[in-house]
Amino acid sequence: QVQLVESGGGLVQPGGSLRLSCVASRSIFSIYTMTWYRQTPGKQRELVAAMASGGSTNYADSVKGRFTISRDNAKNTVYLQMNSLKPEDTAVYYCNARWTPLMGTTSNYWGQGTQVTVSS
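Residues numbered from 1 in each chain as written. Predicted model: local features only at pLDDT ≥ 70, side-chain atom pairs only at ≥ 80, totals over all residues. Heavy atoms only, no water.

Undergrad: Break down the overall build of the protein chain for me, with residues and values.
TA: Looking only at helices and strands, the protein chain features zero helices and 11 strands. Starting at the N terminus and walking to the C terminus, you meet the elements of the protein chain as β-β-β-β-β-β-β-β-β-β-β. By the compact-globule yardstick of 14 Å for 120 residues, the protein chain fits well, its C-alpha radius of gyration being 14 Å. Overall, the C-alpha framework of the protein chain stretches about 50 × 30 × 25 Å when taken along its three principal axes. By the burial criterion, 41% of the 120 residues in the protein chain qualify as buried. Of the contacts made within the protein chain by residues no fewer than 6 positions apart, 53% connect residues no fewer than 24 positions apart. As displayed, the protein chain has an accessible area near 6400 Å², and 49% of this comes from carbon and sulfur atoms. Here the protein chain contributes 11 positive and 6 negative side-chain charges, whose respective centroids are spaced 5 Å apart. (Helix = DSSP H or I, 4+ residues; strand = E, 2+ residues; numbered from the N terminus. Rg over C-alpha atoms; globule rule 2.2 N^0.38 Å. Buried < 20%, exposed > 50% of the residue type's maximum accessible area, 1.4 Å probe, protein only. Contact = heavy atoms within 4.5 Å. Areas by Shrake-Rupley, 256 points an atom, 1.4 Å probe, with all protein chains shown as cover. Lys, Arg positive; Asp, Glu negative; His and termini not counted. Charge placed at Lys NZ, Arg CZ, Asp CG, Glu CD.)

Take a look at the structure:
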């Protein structure tokens, strides 16, 4: 089992910045892909940014150049640095850890979510 705890959400003005953190209960980054998702009411959860175990990253087109995913292996923490925030970035942001072994079942864990509100 893996517990994920997000923090760092809040209210920010358009153009501002926030950094979200997701702390894992144990060291998993060497095998798990870590992903930030977001969700607004009535919409499906969407991928924002992901980092594979090897360190490669990918981003939703809507956040490229503004958001950066990173991790600190020593702290079991993955971050999402969000700059130049827009009102449309308002959502609940979730941290996800996923591992699909060559044989066996996928392990998939979610955090509780943290609210980000971009408004003047």
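Undergrad: Mind laying out the environment of Tyr-59, listing which residues take part and the relevant values?
TA: Looking at the secondary structure, you find Tyr-59 in strand β6 (residues 57-59). In this structure the C-alpha to C-alpha distance between Tyr-59 and Arg-98, which are 39 residues apart in sequence, comes to 17 Å. If sequence neighbours within four positions are ignored, Tyr-59 has contacts with Val-48, Ala-49, Lys-64, Phe-67, Thr-68 and Ile-69. From its side chain, Tyr-59 meets the backbone nitrogen of Ile-69 in a polar contact 3.0 Å long. (Polar contact = N/O pair within 3.5 Å; in protein donor to acceptor, adjacent residues only side chain to side chain.)

Undergrad: Go over the side chain of Asn-76, please, and point to the residues and values.
TA: As for its position among the elements, Asn-76 is in the loop between β7 (67-72) and β8 (77-82). On the basis of relative accessibility, which here comes to 18%, the residue Asn-76 falls in the buried class. Apart from the residues within four sequence positions on either side, Asn-76 is in contact with Cys-22, Val-23, Ala-24, Arg-26, Ser-27 and Phe-29.

Undergrad: Account for the state of the cysteines, with residues named and values stated.
TA: Inspection of every chain in the model, using the stated rule, returns one disulfide. Through a disulfide, Cys-22 is tied to Cys-95; the S-S separation comes to 2.1 Å. Here the disulfide of Cys-22 and Cys-95 is left-handed, its torsion about the S-S bond being about -80°. Placement of Cys-22 in strand β3 (residues 18-24) and of Cys-95 in strand β9 (residues 91-99) is noted, with a sequence separation of 73 residues between them. A relative accessible area of 0% places Cys-22 in the buried class. Take Cys-95: its relative accessible area is 0%, and that puts it in the buried class. (Disulfide = S-S within 2.5 Å.)

Undergrad: Tell me about the nonpolar core, and name the residues and values.
TA: Core analysis: the biggest nonpolar cluster contains 30 residues, and Leu-4, Met-34, Trp-36, Leu-80, Met-82 and Tyr-93 have the highest contact counts within it. Residue contacts for Leu-4: discarding those within four places in its chain leaves Cys-22, Val-23, Ala-24, Met-34, Cys-95, Asn-96, Ala-97, Tyr-109, Trp-110, Gly-111 and Gln-112. (Core = buried A, V, L, I, M, F, W, Y, C linked by side-chain atoms within 4.5 Å.)

Spatial relationships are all this shows, so hold off on functional conclusions.
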